[in-house]
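Okay, here's what each chain looks like letter by letter:
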Amino acid sequence: MSIQPNAMSSNANYTKYLVNPDDKQTFLAGCRAMIDIYAASSPDDLAFLSHNVGEDRLISLLLRQQSYNRGTQRRDAANIIGHADLNKAAARAMIFGFHVNDNGYAVNEIGYAVEDGAFHLTPEQSYWPWPHTLARNKQTGAEISREEYDNLNPEQQENYDVLRYLDLKNEDGIVLKHITEDNETYMAELIAWDIINNRQVLSRYLSECGAGHGNLPRGRFYDYRKTIVAAAGQAGYAVVTPMLIEHVEKGYINSLGQYYLALLQSLAVNLTPSRLREMDAYELATLKLLLTTNADEMAYDITDDDIMYYRNVSGDGMKGALHTDDSEGWDTIPASDERCDLYAQKTYICERLIQKLCDIIVETFLRLDDNAPDMVPDAWRELTDLVETIAPSLFDEDKECSGDDCNHGGAIDPKPETEE
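What you see is a predicted model; the values in this text were computed from it and never measured.

Colleague: Before we go on, may I ask you to explain a nonpolar patch on the surface in this structure?
Modeller: A cluster of nonpolar side chains, contributed by Leu366, Leu394 and Phe395, occupies part of the molecular surface with about 260 Å² of accessible area. Its location among the elements puts Leu366 in helix 15 (residues 342-367). For Leu366, a relative accessible area of 55% translates into the label exposed.

Colleague: In this structure, what is going on with the environment of Ser126? I would like to understand it.
Modeller: The topology assignment puts Ser126 in the loop between helix 4 (88-96) and strand 1 (133-137). Residue classification places Ser126 among the partly exposed positions, given a relative accessible area of 48%. A C-alpha to C-alpha distance of 9.9 Å links Ser126 and Phe98, two positions 28 residues apart in sequence. For Ser126, the residues in contact, after removing those within four places along its chain, are Val114 and Leu121.

Colleague: So what exactly am I meant to see when it comes to the sheet that holds strand 4 (residues 175-180) here?
Modeller: By definition, the strands of a sheet pair up through backbone hydrogen bonds, in either a parallel or an antiparallel sense. The strand order 2-1-3-4 describes an open sheet built from 4 strands, whose pairing is antiparallel. Unpaired on one side and paired on the other, strand 2 (143-145) and strand 4 mark the two borders of the sheet. In this sheet, neighbouring strand axes are inclined to one another by 40° on average, regardless of whether the strands run parallel or antiparallel. Pairing geometry for strand 1 and strand 3 (residues 160-169), over 5 bridges, is antiparallel. Paired with Asn137 across the two strands is Tyr160, which belongs to strand 3. Sheet contacts for helix 4: strand 3 and strand 4; angle to strand 3, the most-contacted strand, approximately 160°. Sheet strands in contact with helix 7 (residues 184-197) are strand 3 and strand 4, and its direction is about 105° off that of strand 4.

Colleague: Looking at this structure, how should I read empty space enclosed by the protein?
Modeller: Here the idea is plain: a probe the size of a water molecule rolls over the atoms and shows the empty space left. What the rule picks out here adds up to 1 cavity of 30 Å³ or more. Looking at the largest cavity, the residues that line it are Arg199, Ser203, Val239, Tyr259, Tyr260, Leu263, Tyr282, Glu283 and Thr286. Elements represented by at least two residues in the lining of the largest cavity include exactly helix 11 (256-270) and helix 13 (281-291). Partitioning the lining of the largest cavity into residue classes produces 5 nonpolar, 2 polar and 2 charged.

Colleague: Even after reading the chapter, I still don't get the environment of Pro131, so can you show me in this structure?
Modeller: Secondary-structure assignment places Pro131 in the loop between helix 4 and strand 1. Sequence-wise, Pro131 and Arg164 are 33 residues apart; in three dimensions their C-alpha atoms are separated by 8.0 Å.

Colleague: Which parts of the structure should I look at to understand the environment of Thr227?
Modeller: Here Thr227 is to be found in helix 9 (residues 225-235). Along the backbone, Thr227 and Glu249 are 22 residues apart, and their C-alpha atoms lie at a distance of 9.6 Å. Ignoring any residue separated from it by four or fewer positions in sequence, one finds Thr227 in contact with Arg74, Ala188 and Ala192.

Colleague: Where do I start with the layout of surface pockets in this structure?
Modeller: Here the second largest pocket defines a volume of roughly 370 Å³. Along the wall of the second largest pocket there are 20 residues; nearest its centre are His120, Ser207, Pro217, Asn254 and Ser255. Secondary-structure elements contributing two or more residues to the lining of the second largest pocket are helix 11 and helix 14 (304-308). Here the lining of the second largest pocket is built from residues that sort into 6 nonpolar, 7 polar and 7 charged.

Colleague: Explain the side chain of Thr384 to me, please; I cannot follow it from the model alone.
Modeller: Along the chain, Thr384 turns up in helix 16 (residues 377-390). The exposure class of Thr384 is buried, given its relative accessible area of 19%. For Thr384, the contacting residues outside a window of four places in its chain are Phe365 and Phe395.

Cut-offs used in this document
- Residues numbered from 1 in each chain as written.
- Predicted model: local features only at pLDDT ≥ 70, side-chain atom pairs only at ≥ 80, totals over all residues.
- Heavy atoms only, no water.
- Patch = residues over 30% accessible without salt bridge, like charges linked within 9 Å, V, L, I, M, F, W, Y side chains within 5 Å.
- Areas by Shrake-Rupley, 256 points an atom, 1.4 Å probe, with all protein chains shown as cover.
- Salt bridge = Lys/Arg side-chain N within 4 Å of Asp/Glu carboxyl O.
- Helix = DSSP H or I, 4+ residues; strand = E, 2+ residues; numbered from the N terminus.
- Buried < 20%, exposed > 50% of the residue type's maximum accessible area, 1.4 Å probe, protein only.
- Contact = heavy atoms within 4.5 Å.
- Pairing = 2+ DSSP bridges.
- Axes fitted to C-alpha atoms, helices over the stretch in contact; angles between N-to-C directions.
- 1 Å grid on protein atoms, 1.4 Å probe; cavity = no way out; pocket = protein on both sides within 12 Å on 5 of 7 lines; lining within 4 Å.
- Points joined across faces, edges and corners; volume = space filled by probe spheres on them.
- Nonpolar A, V, L, I, M, F, W, Y, C, P; charged D, E, K, R; others polar.

Right under this line is the structure:
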């Protein structure tokens, strides 16, 4: 069916669009959409519509109304969640489908983590699943209990989708809202609520935002990636830089290791004294572990696949670095260079990327005021420990910090722990 609004006169015969059932459904859907638009339009918009109802104008109004409706739904959902007596462990289990602790790791019934450092299930372990599920008829939308579903024969079960559900209740136990995992509005608000209230779980969400690449699968939160970075930004997490946001929104981060690589690259561009001052102890401790890695043994769960299938914000692979005889010591090569093998890429990460970020952190640290105003004591201790680890000569009055005696970059072994 093709409707040309500008061709319709005030006495047009609209009933002709009601004859064919398919045309009728489409036409009435359009009418309902326009009623919504008119109801939300200002007098000036209505006056303009009276003499401009071309296709571009109508599409523009429909998109604006759609955005308005989505925003209204999100605000309503956030309000209901805010008034619910919500248990964070239950909310997170509903989101993931299994129980996850505040550090982002799946746990079993007695609270022990069942995943390795990169959020992979360890051998002979199993997830502790979220127990509340129901079944919904694919045609009618009618819901039945999981017990009723289990009593159906296999042919009947094919007509149903099994879904996780959560009843949002107030302090008196009254159900404010019954939600299922396919309710994108409420799931988005639950995810945002979890991130804003639990700093350390952010890396888990960010590691599962990717579109998938190479051996790395599409992340479970790919469709919520913009919600995740928006919530992290709203919470004021200092590691969420403009470059990292763009990286996540493009779907290029497919694992924890790739998140860490993206974090290093973004901070090498976006780290400022104010951003460093805003970092909390957890973020600084993570940086310390990342900045003391080396090319022979990549640290902190950065796997070979993470590096080989990594893409920067421009969509290019990880660069490489080759040893040269010039004063710099290293020659950077693009990912497309046939010499850019895995070891060259690891060398680039350590000798170029980490080296650059270490230099920036040391320089930035020296520009901070004494006692680092506005930094909480735990964060200040982590920052000084980080700088002492990568540049120990700064804390030795008899020495001058230089590339030979500082742990800038990963090729030099990190400062050993002092034995007590």
